[in-house]
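Take a look at the letters that make up each chain.
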Amino acid sequence: MPGPGAYWYGKEEMEAALEVMKDGYLFRYGNENDPKFLKKVFTLENELVRYTGAEHALATSSGTSALLCSAFALGLKPGDEIIIPAYTFVASYSSVVFLGLIPVLAEIDESLSLDPDDIGRRITDRTKAIMPVHMLGNPCNMDRIMAVARKHNLLVLEDCCQAAGASYKGKKIGTIGNIGAFSLNFFKTINTGDGGFIITNDKSLYEIAFGMHDQGHSPNRTGVEIGNRSLLGLNFRINELTAAVALAQLKKLDSIVSVLRQKRAYFKNLISEAKGFKFRVLNDPEGDCGTLCTVIFETREQAAKVSSALGSKTVDKSGWHVYANMEHVLAHLKSVGQPHTKGSYPKTDDILSRSMNISIGVVDGGLGAGWGMNINSTEEEIKEAAAQFVNACKE
Ligand SMILES: Cc1ncc(COP(=O)(O)O)c(C=O)c1O
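A quick note: this is a predicted structure, and the numbers were derived from the prediction, not measured. (Residues numbered from 1 in each chain as written. Predicted model: local features only at pLDDT ≥ 70, side-chain atom pairs only at ≥ 80, totals over all residues.)

Trainee: Please give an account of the overall build of the protein that cites residues and values.
Mentor: The helix and strand inventory of the protein stands at 13 helices and twelve strands. At 21 Å, the protein has a C-alpha radius of gyration in line with the 21 Å of a compact globule built from 395 residues. The buried share of the protein, taken over its 395 residues, is 53%. Here the contacts in the protein between residues at least 6 apart in sequence split such that 69% fall between residues at least 24 apart. (Helix = DSSP H or I, 4+ residues; strand = E, 2+ residues; numbered from the N terminus. Rg over C-alpha atoms; globule rule 2.2 N^0.38 Å. Buried ≥ 20, exposed ≤ 12 C-beta atoms within 10 Å, placed from the backbone. Contact = placed C-beta atoms within 7 Å.)

The following block contains the structure:
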């Protein structure tokens, strides 16, 4: 049950992948003088620059590696603390833990993303960075987060993995903090199965991230640059086949977001007669991706009843993104002396226990969004889903 981009795989993706296979260059580097080398990765990076308005883009093997390379580029060192919301995917934590950073969790607010009011309480003299995660396609309150970052001189790594296509007050997400990391996995707005990318306006961050993702090399090498490598890196490269599919998907991104937003507006309107819940706060209603519709009930009992009547579950019961349900995250938090038991983030627990994620375009049981619509749902299907929801609320 994938994200909307997968519902729209078509001849564009197939032809692009086939073209790369026929021409035989699958590695991101090739013979520049050979017309058969199609330079799909280079083209993708240029197109990402054009699409996001960022000065630099770097395609990577995944969102996880994009986060790791971004945190490394920021110069974060073992023992530095980074503030991360208590509701996010495991990779937001693990990517920085493998650099020796200490993840410090903070509460979410009713946008289901990082609560700007809680960040200050988590700051210590070891805090170096904040990771706002644009959860469920919804941009964080970046004005307030950036104000806290400026006040305390903190770096900002935007985790944009769930929100390709989103913007905040006219700027594409990922261009507001120092650096932004995106995922192209199967559940995302657009996808290539797996893949990711980084954007930044800072050339030196781009160069360090590039080196980390390509064994220490400087950007767009033409060979093995003896004497020109300033750091030890790893291999998080993307390949030409993935980039070819990504280019085809990127062309569809604006239409995907626009269709999802229309479908969600239609659905929201149809269920607005039901009582006992409100919609999640959208920090920029013009910039949200429309991938999900999250409803927050007045009581957890009502949330549990409605979601189970629809064969779904409340967000606190979904396995992948809730701190209290990720035993491996809790074990690590314990080992670094951070709060690590269920109940440590009561505001987050309360909001998630009253919330239900309804799929509009990301049909993902792991997010608690196994029920709802998909990007191809017809008007009749949306009406039917809305009627079911309204009935469940009445009961
Ligand atoms: C918020 C968030 N961060 C990071 C990631 C990691 O992305 P990937 O699966 O491409 O490594 C994901 C993917 O699910 C995510 O949702």
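From this point on, the discussion continues.
Trainee: Which residues make up the site of the ligand, and what values go with them?
Mentor: If you check the shell around the ligand, you find 14 residues, and the closest are G63, T64, F89, C161 and S183. Taken together, the residues of the shell around the ligand break down into four nonpolar, nine polar and one charged. (Near = placed C-beta within 6 Å. Nonpolar A, V, L, I, M, F, W, Y, C, P; charged D, E, K, R; others polar.)

Trainee: Any details on the sheet that holds strand β1 (residues 56-60)? Residues and values, ideally.
Mentor: As a general point, the strands of a sheet are linked pairwise by backbone hydrogen bonds and lie either parallel or antiparallel. Across the sheet, seven strands lie side by side as β1-β9-β8-β5-β4-β2-β3; this open sheet has mixed pairing. The strands lining the two open edges of the sheet, one partner per strand, are β1 and β3 (102-106). This sheet shows a mean twist of 25° between the axes of neighbouring strands, independent of strand direction. (Pairing = 2+ DSSP bridges. Axes fitted to C-alpha atoms, helices over the stretch in contact; angles between N-to-C directions.)

Trainee: Kindly report on helix α5 (residues 90-97), identifying the contributing residues and their values.
Mentor: Extensive coverage of α5 is indicated by the burial of six of its eight residues. Taken as a whole, α5 has its buried residues at A91, S92, Y93, S95, V96 and V97. Residues of α5 that are buried make contact with α4 (63-73), β2 (81-85), β3, β5 (155-159) and α11 (327-335).

Trainee: Tell me what's going on with the sheet that holds strand β11 (residues 292-297), and back it up with residues and numbers.
Mentor: Across the sheet, which stays open at both edges, the three strands sit in the order β10-β11-β12 with antiparallel pairing between neighbours. In this open sheet, the two strands that pair with only one neighbour each are β10 (277-279) and β12 (355-359). Direction aside, neighbouring strands of the sheet carry axes that sit 30° apart on average. Here five bridges tie β11 to β12, and the two strands are oriented antiparallel to one another. Its bridge partner being in β12, I296 is matched across the sheet by S355.

Purely geometric stuff here, so don't read any function into it on its own.
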